[in-house]
Amino acid sequence: MSVMHNVSKAVHDRVSTNNPHNSYGINCEGAVNAMDLNRDVSRVVVAGRNVFKIYNVEDDEFTEKFNLRVGRKLNLDFSVSDVAWSHIDDNILASAATNGKVVIWDLNKPSKSKQDFIFQEHTLVLDGSLKIFDIRLKRVASTFSVGSTSIRDVQFCPSNFNYFAFAAADEGGNVQIWDMRRLTSPEKQFTAHGGPMFCLDWHPSEPKWLATGGRDRTIKIWDHALGKLLYSVPTIASVARIKWRPERKYHIASCSLVIDFSINVWDVRRPYIPFASFEEHKNVATGIVWKKDDGHTFYSSGKDNFLYQHVFKDAIRPADKVVPDGLDVSVIGHVTQATKDKTKSLEKKKYSMFSKQPDKGDQFIDAKSFVFSYTNCHQLLSMEWFVNCAKQYILHGRSFEEMCEHNAQVSDQNDRFQVAQSWRMLKAIYTKPTVTKNLLRTESVMSNVSEKPKDKVNQPDTPKSTEKDKQTMDATSEDDDMTDTDLSSIARGQINPPVEWDILFGGADVEQSFPTFGHMENIGPDFKLPKEAFVPRHEIKDPSEVPKQNNQDSPPLSANETEANPANNHNSKVNEDINMLLLMKEVEISEFAFTDCVEQMLKYFAEEGDVQTTVCMLVVLGERRPKIPEEIQDDWFISYLELLARFKLWTVSNTLINLSHLGSISMMNHQSTTINVTCNQCNRVLTKVGWLCHKCKSVINSCAVCHLPVKGLFVWCQGCSHGGHINHIQEWLTISKQCPTGCGHICEYT
Amino acid sequence: MFVTRHIPTDHQDLIHDVSYDFHGRRMATCSTDQTVQIWDLQDNGEWKCTASWKSHSGSVWRVTWAHPEFGQVIATCSFDRTVSVWEECVGDTGRDGVQSNWIRKTSHVDSRTSIMDVKFAPKHLGLLLATCSADGIVRIYEAPDVMNLSQWSLQHEIMCKISCSCISWNASRMHAPMIAVGSDDPSPSAGGKCQIYEFNSANRKWNKVESLSVVTDPVHDVAFAPNLGRSHHLLAIASKDLKIISLTPYG
């Protein structure tokens, strides 16, 4: 699970807001393979298999200036894989045709066709040659012997660093740095990529830096003098083109050969996430050219036929969108949080008081996270009570009363007072009422209970529980809006000593309500309360009102009446029912339809998410359990079993499976209970006995320590399958980690 | 009440997700530095890194554990548009302090955009994996044979028509399979940022049953509470503020 507190603030670098340019694009009506800008950024050429055009770069749009794909015979010479402007003459262009020819174009030509002349020196595309053409002499000036590989890209070194040098990217992943004057072998050569290298670019201001990109999906920054890797940027797809961003030492733009259609600008110091991303293209981008000396504008072409001008203010900043925090809570209640390290940026802010605003690009690279784990957490998250209850509840083997009582005590000990009261209530409801005894026993329990929480009153950190105690101990429970105490007070009502009855009802009122009961007796066990009549969670009104309402409602209710008049005042009915309930207890009648309220109680706990209580009560109730659809019970059991599994309480979970009355649950430990054993000498499957092989007549798996057959607990290493008596092996492992048979295996016992 | 420990990770960039396993004894972290790290809780309460490997060629957004019944298996999703499923292989050298090996079992490459979240389905549905991508497609993969983690089939593609950021399975066994999808689309006009989908077993399709119009801010995470036998579902939505929504099925 991860959480995003507050979206990290934007890490933009200084984008000049007064930049008049905007992003815009034009459809070139053909997939573009390459593009180039002329010297003064007034014109851009785009070329592809079916397109060859020159556009004027205006303020808000591209306007078509020339279409070079004209003439009668449109042969492969017009189908272009790369194109470049002359650095000297704005009217001269060179293109590489897909048939291996190099075509020179002259825009000054008066004719419609601007094709000037064609070099036919390359026989093939990727024919493994490297040539320099002289367009004045119209012939090849020099041919370099590159060996057997093909060259994917060539780039001249910026002339202010080295006039004669150029670099070539070969298919074997090597960078070759050549001196134009030396044809026989490169000045320098080093392997940059594992696999074909598709592009390289000289850094415009760092004389020693060279960037390369290849099919291995990485952009690498090299010190080419030393052949040393400086930075590596892993991207998600083969790198088709890379271009350093002007005016930013660490920024480089890239586009991919496949998959990724966006143009990413990376900061090589934080290589994992693009600094900026441009997602206008709907197919892979093929060309990137930065506007000269402007780090905020560049042009790109793509296979989607489009030519775009991109400006930085429209860039997507992936780093701003990332989730800076992660958090999870474990079942044990531990919390782990990963959060962005903000200390560095704060430090920067301090400095900025005295110096100029820090470069936001620098903030971008300071991205680290702290991980904190919070153990022994707040009580709210602790599941200790769950584990304790699961372990200590008694679900079978005792009498119903004892189990209820025990479980109530367990709940009390874990500060689960509502659950404890519910257990007691169950007990009270279903116990054959030998009232006096019952009273005594519960009384003693109650005093026990009251002692424990009282100790806690002194502890300041449990004010809630003590408050609850007081409420539960307080028999009157008037105007109590806490649902749990409502439940408990009902239970309490039945077991309270008569003294408190007087407080509740007053002597005369009790007498008055007797007729109600008398009537009830006649109806006998057939009587059923309508469901809505008895809401265990319902708030008890001021008890003194009860008799009054009874009077109003007289003659006393019969079952038929209750069912016939569902519109009766709800409150009064509830009160009456409680009243009846109390009364009946007094005269030792247990044949009362409690099942409905028990059912509602079980459902209540399930709805509250306390499936443990629900399931344990179901099991303890046994045959007394109310009729609840089996699917729902199934669900409760499985939910509880899964919770137990989370805490690795396998024993508890198995006991529960055994005790379950539901077929589908009790079947769970009947599945896959077979362990197949094979003889470790002849590999025959042992069917009848587990320790003697009938084929080779040998005792298998004898103890590796005492060499006797093992009956009873046998442990073995799953690595080498040797083992023996558990105590022998335990003893052995204190001496040595190796297998006692001497097979040399370092045994693994977990 | 809290004992805070700083865990020194050697992630080189932001960490986007931490995830506990089923029992809370192991932890996985993932980062923009394209690595995933696995941490084990030692007996002394310290977390120890037992594995760290480069898992993707882009930021790893989320990591999630499968139910241990399927083995020690995690799934990761990444900016590189793939989802990977990894299984731990403890070799002969494992266990006693030596780093364990995590093997890539499969990699799903169907998405055209970054995959924002990945979640295993609750166990009773089998070995299912739901992913959601930035272009608003939820994909559900299934491994028909739970013993073979390298064979998955793309079962469903749900078009959410809104950029997705997070996903959560409803764990209830009593109800039809259900997922909640959150969106981080910033525009308030794009409608409810949390959608609920339910599987209709009659026509074997996922249908949108609800779009929570109360949630208009971008949603960063959603999570269903464990069901535990409730008749209603609880869904927590982390957006600008936290909303906890109770979903009660009809009928």
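Residues numbered from 1 in each chain as written. Chains lettered and ligands numbered in written order. Predicted model: local features only at pLDDT ≥ 70, side-chain atom pairs only at ≥ 80, totals over all residues. Heavy atoms only, no water.

(A) Expanded view of the UniProt feature "repeat: WD" (unreviewed entry) in chain A. UniProt records the feature "repeat: WD" (unreviewed entry) at residues 190-232 of chain A, using the numbering of this structure. Regarding residues 190-232 of chain A, the helix share stands at 0% and the strand share at 58%, and the terminal C-alpha atoms are separated by 16 Å. (UniProt positions renumbered as here; feature names shortened; annotations may be inferred. Helix = DSSP H or I, 4+ residues; strand = E, 2+ residues; numbered from the N terminus.)

(B) Spotlight on the pairing of strand β14 (residues 164-169) of chain B. All names here are of chain B. Here β14 lies mainly inside the structure; six of its six residues are buried. As paired elements, β14 and strand β15 (residues 178-183) share five bridges and run antiparallel to each other. Its bridge partner lying in β15, S168 is registered against A180. (Buried < 20%, exposed > 50% of the residue type's maximum accessible area, 1.4 Å probe, protein only. Pairing = 2+ DSSP bridges.)

(C) Molecular detail of the sheet that holds strand β16 (residues 194-200) of chain B. Residue and element names in this part refer to chain B. An order of β14-β15-β16-β17 is seen for the four strands of this open sheet, with the pairing classed as antiparallel. The open sheet is flanked by β14 and β17 (205-211), the only strands paired with a single partner. Direction aside, neighbouring strands of the sheet carry axes that sit 25° apart on average. Bridge count between β16 and β17: six bridges; the pairing is antiparallel. Bridged to I196 within β17 is E210. (Axes fitted to C-alpha atoms, helices over the stretch in contact; angles between N-to-C directions.)

(D) Local environment of the interface of chain A and chain B. Residue-level contacts link 66 residues of chain A with 52 residues of chain B. Between chain A and chain B, the buried area comes to about 5300 Å², and carbon and sulfur atoms account for 57% of it. Of all residues in chain A, Y272, V371 and E607 of chain A give up the largest surface area on contact with chain B, accounting jointly for 13% of the area buried on that side. In this structure, the connection of chain A to chain B is made through two salt bridges. Taking the shortest distance from any N to any O, the salt bridge between R270 of chain A and D13 of chain B comes out at 2.7 Å. Seen at the junction of chain A and chain B, the total is 17 residue pairs in polar contact (both at pLDDT 80 or more). Put simply, the parts of the chain that give the side of chain A that touches chain B at least two residues each are β27 (326-329), β28 (335-340), β29 (369-375), α15 (595-607) and α17 (630-646) of chain A. The element best represented in the side of chain A that touches chain B is α17 of chain A, accounting for 10 residues. (Contact = heavy atoms within 4.5 Å. Buried area = accessible area lost by both parts, 1.4 Å probe. Salt bridge = Lys/Arg side-chain N within 4 Å of Asp/Glu carboxyl O. Polar contact = N/O pair within 3.5 Å; in protein donor to acceptor, adjacent residues only side chain to side chain.)

(E) Expanded view of the packing of aromatic side chains. In this structure the tally under the stated criterion is 35 aromatic pairs over all chains. Look at F278 of chain A and F298 of chain A: their rings are 4.9 Å apart centre to centre, the planes differ by 85°, and that puts the pair in the edge-to-face class. Linking F278 of chain A in strand β23 (residues 276-278) with F298 of chain A in strand β25 (residues 297-302), this pair joins segments that are 20 residues apart in sequence. Take F278 of chain A and F298 of chain A: they sit in the same class, and that class is buried. Ring geometry for F199 of chain B versus W206 of chain B: centroids 5.4 Å apart, planes at 55°, classification tilted. (Phe/Tyr/Trp six-rings, centres within 6.5 Å; stacked < 30°, edge-to-face > 60°.)

(F) Representation of the confidence of the model for chain A. Residue and element names in this part refer to chain A. With 71% of its residues at a pLDDT of 70 or more, chain A shows a mean pLDDT of 74. Note on residues 435-572: pLDDT under 50 across the span, and 162 contacts to partners over four residues away in sequence or across chains. Segment residues 583-590 is flagged for pLDDT under 50; beyond a separation of four residues in sequence, or across chains, it makes 21 contacts in the model. (pLDDT = per-residue confidence, 0-100.)

(G) Molecular detail of the pattern of salt bridges. Considering all chains together, one arrives at 28 salt bridges over all chains under this definition. The partner of E46 of chain B in a salt bridge is R5 of chain B, and the shortest N-O contact between them spans 3.0 Å. Taken together, the positions of E46 of chain B in the loop between β4 (35-41) and β5 (47-54) and R5 of chain B in strand β1 (residues 3-7) put the pair 41 residues apart, joining distant regions of the chain. One salt bridge in this structure joins K123 of chain B and E69 of chain B, with 3.6 Å as the shortest N-O distance. Within this pair, whereas K123 of chain B is found in the loop between β10 (115-120) and β11 (128-133), its partner E69 of chain B is found in the loop between β6 (60-65) and β7 (73-78), the two being separated by 54 residues in sequence. When its relative accessible area of 56% is taken as the criterion, E69 of chain B is described as exposed. A single network of salt bridges, built from pairs that share partners, joins E405, D412, R424 and K427 of chain A.

(H) Highlighting α17 of chain A. Residue and element names in this part refer to chain A. Over its 17 residues, α17 runs 24 Å from end to end, which matches the ideal 24 Å to within 8%, given 1.5 Å per residue. All buried positions along α17 are accounted for by Q633, D634, D635, W636, F637, I638, S639, Y640, L641, L643, L644 and A645. Buried residues in α17 make contact with α4 (384-392), α15, α16 (611-621), α18 (650-659) and α19 (663-666). (Expected span 1.5 Å × (residues − 1).)

(I) Spatial organisation of the sheet that holds strand β21 (residues 251-256) of chain A. Residue and element names in this part refer to chain A. Spatially, four strands are ordered β20-β21-β22-β23 in an open sheet, and the strand pairing comes out antiparallel. In this open sheet, the two edge strands, each paired with only one partner strand, are β20 (239-244) and β23. Across the sheet, the axes of successive neighbouring strands diverge by a mean angle of 20°, strand direction being ignored. Sheet analysis places strand β22 (residues 263-267) next to β23, joined by three bridges and oriented antiparallel. The partner of V265 across the bridge, within β23, is A276.

(J) Structural view of the pairing of β5 of chain B. Residues and elements named next belong to chain B. Inspection of the sheet shows β4 paired to β5 by seven bridges, in the antiparallel sense. The residue bridging D40 from the neighbouring strand is K48, located in β5. The loop that links β4 with its antiparallel partner β5 comprises five residues; one of these, G45, has a positive phi angle of about 85°.

(K) Representation of unusual backbone geometry within the structure. Residue and element names in this part refer to chain A. Backbone geometry places V41, a non-glycine residue, at a positive phi of 55°. Position of V41 among the secondary structure elements: in the loop between β2 (34-37) and β3 (43-47). The class of V41 is buried, set by a relative accessible area of 15%. Residue N305 is not a glycine yet carries a positive backbone phi of 80°. Secondary-structure assignment places N305 in the loop between β25 and β26 (306-311).

(L) Summary view of the side chain of H108 of chain B. Residues and elements named next belong to chain B. Here H108 is to be found in strand β9 (residues 101-108). Using a relative accessible area of 6% as the deciding quantity, one classes H108 as buried. Setting aside its immediate chain neighbours within four residues, H108 contacts R81, T82, V83, L129, Y141 and W152.

(M) Up close: the state of the cysteines. Taken as a whole and judged by the stated rule, the model has zero disulfides over all chains. Its sulfur unpaired, C89 of chain B is 17 Å from the next cysteine sulfur, which belongs to C49 of chain B. (Disulfide = S-S within 2.5 Å.)

(N) Here's a closer look at the environment of K243 of chain A. All names here are of chain A. Counting through the fold element by element, K243 comes out in strand β20. In this structure K243 comes out as partly exposed when scored by relative accessible area, which is 23%. Residues K243 and V371 lie 128 residues apart in sequence; the distance between their C-alpha atoms is 37 Å. Among all residues touching K243, those that are not within four sequence positions of it are Q155, D201, I252, A253, I288 and W290.

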